[in-house]
Amino acid sequence: MATLLQLLALLAVIIGTFFSLIGVIGLIRLPDVYTRLHATGKVGVYGAVLLLVAAALWTPLGWGKALLLIVLLMASGPVSAHAISSAAYRIGLPMKDPVRDDLAEL
């Protein structure tokens, strides 16, 4: 049983690190603040959640704390990314090649 939990934890670490790496690459490569926040707000949160799952699998006594951190991270990550992008729009940071701008009509 312990070997299975260690294998699942290792798999969660590998997948979580992959998601985090994709988020960092998106942060570096994407053209403007809005698309960068999309990469870090979604992919980065999933990478951190998978790393927390791996930590909880490795140390079974930490499931309560890990679940609380996962819930808080899933709730606060997208909200903070939205708040930052809203602030960036309000101060006038331009979008690169916008297809549609619903806020310009307000």
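Here, the structure is the one placed above.
Our subject in this report is the structure included herewith. Numbers given for residues are sequential positions, taken from 1 along each chain in its written order. Thresholds applied to this predicted model are a pLDDT of at least 70 for local features of residues and 80 or more for the giving and counting of side-chain atom pairs; totals over whole chains, interfaces and linings are not thresholded and use all residues. As a rule here, side-chain values cover all heavy atoms of the structure and leave hydrogens and water aside.

**A short note on the overall build of the chain**
Next up, step 1: When you go through the chain residue by residue, the secondary structure sums to 3 helices and 0 strands.
Next up, step 2: Ordered by position from N to C terminus, the α and β elements of the chain give α-α-α.
Next up, step 3: Over its C-alpha trace the chain gives a radius of gyration of 17 Å, far above what one expects of a compact globule, namely 13 Å for 106 residues.
Next up, step 4: Taking the principal axes of its C-alpha atoms as reference, the chain extends roughly 60 × 25 × 15 Å.
Next up, step 5: Taken across its 106 residues, the chain has 21% of its residues classed as buried.
Next up, step 6: Whether two residues are in contact is decided by their heavy atoms, any of which lying within 4.5 Å being enough. Sequence-distant contacts in the chain: of pairs separated by 6 or more residues, those separated by 24 or more amount to 63%.
Next up, step 7: Accessible surface, the chain as shown: approximately 7600 Å² in total, 74% of it carbon and sulfur.
Next up, step 8: Taken together, the 7 basic and 5 acidic charged side chains of the chain have centroids lying 14 Å from each other. Helix and strand labels come from DSSP, where a helix needs a run of H or I of at least four residues and a strand needs a run of E of at least two; each type is numbered from the N terminus. All radius of gyration figures rest on C-alpha atoms, and the globule criterion is 2.2 Å times the number of residues raised to 0.38. The buried label applies to any residue whose accessible area, calculated with a 1.4 Å probe on protein chains only, is under 20% of its type's maximum; exposed applies above 50%, and partly exposed to all values in between. The method behind every accessible area is Shrake-Rupley, applied with a 1.4 Å probe, and residues are considered shielded solely by the protein chains displayed. Only four residue types enter the charge count: Lys and Arg as positive, Asp and Glu as negative, with His and the chain ends excluded. Charge coordinates come from a single atom per side chain, which is NZ of Lys, CZ of Arg, CG of Asp or CD of Glu.

**Topic: helix α3 (residues 63-90)**
Next up, step 1: For α3, built from 28 residues, the straight-helix expectation of 40 Å at 1.5 Å per residue is met to within 8% by its first-to-last C-alpha distance of 40 Å.
Next up, step 2: Looking at the buried positions of α3, the neighbouring elements they touch are α2 (33-58).
Next up, step 3: Once α3 ends, the next one or two residues include glycine 92, with phi positive near 95°. Take the number of residues in a helix, subtract one, and multiply by 1.5 Å to get its expected span.

**Here's the deal with the packing of aromatic side chains**
Next up, step 1: Only centres within 6.5 Å qualify two rings of Phe, Tyr or Trp (six-membered ring in Trp) as a pair; their planes then separate them into stacked at under 30 degrees, edge-to-face at over 60, and tilted for everything else. Within this structure, the stated rule accounts for 1 aromatic pair.
Next up, step 2: Note on phenylalanine 18 and phenylalanine 19: the rings are 6.3 Å apart at their centroids and 55° apart in plane angle, and the pair reads as tilted.
Next up, step 3: With relative accessibility at 49%, the residue phenylalanine 18 sits in the partly exposed group.

**Digging into the side chain of serine 85**
Next up, step 1: By secondary structure assignment, the location of serine 85 is in helix α3.
Next up, step 2: Setting aside its immediate chain neighbours within four residues, serine 85 contacts Tyr34 and Leu37.

**Notes on the pattern of salt bridges**
Next up, step 1: Just to be clear on terms, a salt bridge is a Lys or Arg side-chain nitrogen sitting within 4 Å of an Asp or Glu carboxyl oxygen. The tally for this structure, following the rule as stated, stands at 1 salt bridge.
Next up, step 2: The partner of arginine 100 in a salt bridge is aspartate 102, with the nearest N and O atoms 2.9 Å apart.
Next up, step 3: Take aspartate 102: its relative accessible area is 41%, and that puts it in the partly exposed class.

**Focus: the layout of surface pockets**
Next up, step 1: Taken as a whole, the largest pocket encloses approximately 330 Å³ of empty space.
Next up, step 2: Using a grid of 1 Å spacing that covers the protein atoms alone, one calls a set of points a cavity when a 1.4 Å probe fits there but cannot get out, and a pocket when the set is open and has protein on both sides within 12 Å along at least five of seven lines; lining residues are those with an atom within 4 Å of a point. Residue lining of the largest pocket: 14 residues in total, with Tyr34, Ser85, Ser86, Tyr89 and Leu103 positioned closest to the centre.
Next up, step 3: Elements that contribute at least two residues to the lining of the largest pocket include exactly α2 and α3.
Next up, step 4: Tallying contributions element by element places α3 first for the lining of the largest pocket, with 5 residues. Grid points are joined across faces, edges and corners, and a volume is the space filled by probe spheres set on the points.

**Remarks on helix α1 (residues 2-29)**
Next up, step 1: Taking 1.5 Å of rise per residue, the 28 residues of α1 would be expected to cover 40 Å, and the 40 Å separating its terminal C-alpha atoms lies within 8% of that figure.
Next up, step 2: Among the residues of α1, those classed as buried are Ala9, Ala12, Gly16, Gly23 and Gly26.
Next up, step 3: Where α1 is buried, its residues touch α2.

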